[in-house]
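Descriptive structure summary
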Amino acid sequence: MSKSEHVDLETFIEGVEKRNQGQTEFIQAVREVAQDVFSFIEDKEQYHAAQILRRIAEPDRVISFRVCWEDDNHNIRVQRGWRVQNNNAIGPYKGGLRFDASVNESILKFLAFEQTFKNSLTGLPMGGGKGGANFNPKGKSDSEVMRFCQSFMTELYRHIGPDTDVPAGDIGVGSREIGYLFGQYKRITNRWEGVLTGKQLEFGGSQMRPEATGYGAVYFLENMLKHIDEDIDGKTAAISGSGNVATHAAEMMISKGGKVLTLSDSDGFIHDKEGITQEKLDWIKELKQVKRGRIKEYCDEFSDATFHKDKNPWDVECDVVLPCATQNELDEKDAKKLVKNGVMAVAEGANMPTTLEGVHVFKDAQILYGPGKAANAGGVAVSGLEISQNAERLSWDADKLETLLNEIMSDIHDRCTEYGEREDGSVDYVKGANIAGFKKVADAMLAFGVG
Ligand code: NDP
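Presented here is an overview of the structure given in this document. Predicted, not measured: the structure shown is a model, and the values here were computed from it.

The rules behind these values
- Residues numbered from 1 in each chain as written.
- Predicted model: local features only at pLDDT ≥ 70, side-chain atom pairs only at ≥ 80, totals over all residues.
- Heavy atoms only, no water.
- Helix = DSSP H or I, 4+ residues; strand = E, 2+ residues; numbered from the N terminus.
- Rg over C-alpha atoms; globule rule 2.2 N^0.38 Å.
- Buried < 20%, exposed > 50% of the residue type's maximum accessible area, 1.4 Å probe, protein only.
- Contact = heavy atoms within 4.5 Å.
- Areas by Shrake-Rupley, 256 points an atom, 1.4 Å probe, with all protein chains shown as cover.
- Phe/Tyr/Trp six-rings, centres within 6.5 Å; stacked < 30°, edge-to-face > 60°.
- Lys NZ or Arg CZ within 6 Å of the ring centre and 35° of its normal.
- Pairing = 2+ DSSP bridges.
- Salt bridge = Lys/Arg side-chain N within 4 Å of Asp/Glu carboxyl O.
- Axes fitted to C-alpha atoms, helices over the stretch in contact; angles between N-to-C directions.
- Parallel < 35°, antiparallel > 145°, perpendicular 65-115°, else oblique.
- Nonpolar A, V, L, I, M, F, W, Y, C, P; charged D, E, K, R; others polar.
- Expected span 1.5 Å × (residues − 1).
- Left-handed = near helix turned anticlockwise from the far one by under 90°.
- Polar contact = N/O pair within 3.5 Å; in protein donor to acceptor, adjacent residues only side chain to side chain.

This paragraph deals with the overall build of the protein. When helices and strands are counted, the protein shows 17 helices and 12 strands. For a compact globule of 451 residues, the expected C-alpha radius of gyration is about 22 Å, and the protein comes in at 21 Å, within 12% of that figure. Reported as C-alpha extents along the three principal axes, the dimensions of the protein are approximately 70 × 55 × 45 Å. Looking at the protein as a whole, 57% of its 451 residues qualify as buried. In the protein, the proportion of contacts linking residues at least 24 apart, taken out of those at least 6 apart, comes to 71%. With the model as given, the accessible surface of the protein reaches about 18,500 Å², and the carbon-plus-sulfur share is 46%.

Given below as structure tokens:
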């Protein structure tokens with residue numbers, strides 16, 4: 001192959017910015033990966049010549065569609081739905097669906113791009129995708145959510161399939177929504193197949209899937225701490241969010257002897273100096289999942305705790321941090337405060353919760369920093385195992401799945417270490433995750449030729 005002309009990093013980013021105007025989250029995600037990948041491929045002509053990173057940063061396709069539904073007052077409502085199929089070099093597209101008022105094409109493209117690297121890191125054969133709609137399920141009745149999900153799937157079904165694209169849940173899409181979506185897929189196609197993951201156990205769901213992202217993030221944290229001869233026992237933790245990822249991260253922290261001081265939602269955070277025990281956490285799960293209440297109600301039930309309206313928990317002094325709510329929830333100022341207060345480790349349960357500037361603060365301070373694409377990959381890994389169970393028409397028990405999850409998180413940690421170890425033995429987990437995730441996808445793409 002003849003030697004191609006290499007563009008430098010800034011020229012590459014300028015091109016991404018020009019082609020994706022106004023898509024700030026997507027550009028942010030590409031920039032973060034490109035910084036590391038450019039240094040890795042500097043002397044590797046084959047990746048340059050085949051324009052691999054340029055191709056991964058251009059989704060295979062972006063499908064956008066109208067979702068029309070009727071609310072309980074018989075008003076016709078119109079939402080926009082999307083599926084971004086980013087890259088299927090190493091397996092069928094895989095990634096969650098997000099229902100939230102903030103959803104737009106930039107956010108879904110960033111999530112699908114990140115998912116491509118994350119799925120590669122798990123070692124399982126899954127490509128990267130993401131989807132969702134600008135529909136806010138909060139405050140909607142069950143019937144409204146059902147009608148929306150049915151309408152959404154009436155379009156989505158033609159773009160997905162067990163060997164094509166297998167969506168899952170994400171913000172605003174839990175087991176209730178997956179049930180409605182799966183029911184509609186089955187009704188339309190007359191096929192029972194593993195087309196969605198995160199299903200309930202009664203119809204092909206996997207043990208450990210609800211727990212996997214949060215538990216996995218704590219296993220990843222444990223691996224990072226072990227690398228510096230530390231452990232979780234006795235460590236204080238600030239966690240954001242109170243959804244699926246946050247509550248399960250809290251649960252695993254508690255079971256390993258950690259003291260969880262905070263949880264939050266989009267109204268603010270609660271601070272419990274005594275620590276959130278398993279009993280208190282069970283109360284929160286009931287509040288959020290069954291009653292669909294707000295986190296501030298915790299302080300009515302447990303009067304020692306305080307609620308901090310419209311604030312995030314990053315002021316609270318703690319040893320470790322698990323941001324588990326949403327993207328860009330921890331900025332440079334927050335990162336500086338955390339470092340000043342002596343935080344030793346950050347493991348991201350959410351996707352890209354730390355801004356680029358915040359990441360630099362953590363990296364410069366050389367604290368342990370596990371980016372989402374590595375630390376929260378446990379969820380999609382168990383989704384991958386749900387696909388395997390559906391294909392074999394078998395259900396594996398929880399112990400087996402927890403062991404596999406633990407092994408996968410430890411393997412991801414090792415992959416990050418392989419490509420991210422600094423000369424002094426410390427690990428740049430961002431660099432390690434980006435390069436390890438890139439290499440597998442890139443080598444598959446090289447094998448396929450240009451296309
Ligand atoms: P949930 O919908 O179960 O919970 C989301 C939580 O984050 C809620 O407490 C929500 O509060 C809070 N939140 C949402 N938006 C904001 C905001 N703008 N500011 C402050 N808090 C906010 O979602 P998940 O727990 O599933 O997902 C959380 C994160 O983890 C997301 O980044 C997701 O992409 C990522 N993730 C999830 C995986 C999974 O398996 N579920 C897998 C890998 C990553 P409120 O109730 O007020 O909306």
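Still to come is the rest of the account.
Across all of its chains, the model carries 21 aromatic pairs by this definition. Between Phe26 and Phe113, the ring centres sit 6.0 Å apart and the planes meet at 80°, which makes this aromatic pair edge-to-face. One end of the pair, Phe26, is in helix H2 (residues 24-41); the other, Phe113, is in helix H5 (residues 105-121), with 87 residues separating them in the sequence. By relative accessible area, Phe113 is classed as buried at 0%. Its end group placed over the ring of Phe40, Lys44 keeps NZ or CZ at 4.1 Å from the ring centre. The ring centre of Phe26 lies 4.5 Å from the NZ or CZ of Lys109, which sits over that ring.

Right, let's talk about unusual backbone geometry for a bit. Of note in the backbone geometry, Gln51 takes a positive phi value of approximately 55° without being a glycine. Structurally, Gln51 is set in the loop between helix H3 (45-49) and helix H4 (52-56).

Time to look at the pairing of strand S2 (residues 76-87). Bridging between strand S1 (residues 61-70) and S2 involves 10 bridges; their strand directions are antiparallel. By the bridge assignment for S2, Trp69 is matched with Arg77. The antiparallel pairing of S1 with S2 creates a hairpin that spans 5 residues between the two strands, and His74 there sits at a positive phi of about 65°. Summarising the sheet, S2 and strand S4 (residues 127-133) pair through 6 bridges and their orientation is antiparallel. Bridge pairing in S4 places Gly81 opposite Ala133.

Another aspect to go through is the pattern of salt bridges. In the structure shown here, the tally under the stated rule is 30 salt bridges. Residue Asp170 is joined to Arg98 by a salt bridge in which the shortest nitrogen-to-oxygen separation is 2.6 Å. Taken together, the positions of Asp170 in the loop between strand S5 (165-168) and helix H7 (175-189) and Arg98 in strand S3 (residues 93-99) put the pair 72 residues apart, joining distant regions of the chain. Overall, Arg98 belongs to the buried group, its relative accessible area being 4%. Here Asp310 makes a salt bridge to Lys309, at a shortest N to O gap of 3.5 Å.

Look at H2 against H5: their axes get within 6 Å of each other, and the N-to-C directions meet at 25°. Considering their axes alone, H2 and H5 lie roughly parallel with respect to each other. From H2, Thr24, Glu25, Phe26, Ala29, Val30, Glu32 and Val33 reach across to H5, where they touch Ser106, Ile107, Lys109, Phe110, Phe113, Glu114 and Phe117. Partitioned by chemical class, the residues of the contact of H2 with H5 number 8 nonpolar, 2 polar and 4 charged.

Right, let's get into H7. The end-to-end C-alpha separation of H7 is 21 Å, in line with the 21 Å expected for 15 residues at 1.5 Å each. For H7, the set of buried residues is Arg176, Glu177, Ile178, Gly179, Leu181, Phe182, Gly183, Gln184, Tyr185 and Thr189. If you follow the buried residues of H7, they end up packed against S3, helix H6 (142-156) and S5. Asn190 sits one or two residues past H7 and shows a positive phi near 60°.

At their nearest, the axes of helix H1 (residues 9-19) and H2 sit 10 Å apart, and the two run at 160° to each other. Classed by the angle they form, the pair H1 and H2 counts as roughly antiparallel. Once H1 is placed against H2, the crossing between them reads as right-handed. Counted together, Leu9, Glu10, Phe12, Ile13, Val16 and Glu17 of H1 and Phe26, Ile27, Val30, Arg31, Ala34, Gln35 and Phe38 of H2 form the full contact between these two elements. Residues that form the contact of H1 with H2 fall into these classes: 9 nonpolar, 1 polar and 3 charged.

Let us look at the side chain of Asp265. In this fold, Asp265 is placed in strand S7 (residues 259-265). Assessed through its relative accessible area of 15%, Asp265 is described here as buried. A polar atom in the side chain of Asp265 sits 2.9 Å from the backbone nitrogen of Asp267. Separated by 2.8 Å, the side chain of Asp265 and the backbone nitrogen of Ile295 make a polar contact.

This part is about the environment of Asp142. Of note, Asp142 is situated in helix H6. Placed 69 residues apart in sequence, Asp142 and Asn73 show a C-alpha to C-alpha distance of 14 Å. Beyond its immediate sequence surroundings of up to four residues, Asp142 is in contact with Arg176 and Tyr180. A polar contact of 2.6 Å, which involves the side chain of Asp142, links it to the side chain of Arg176.

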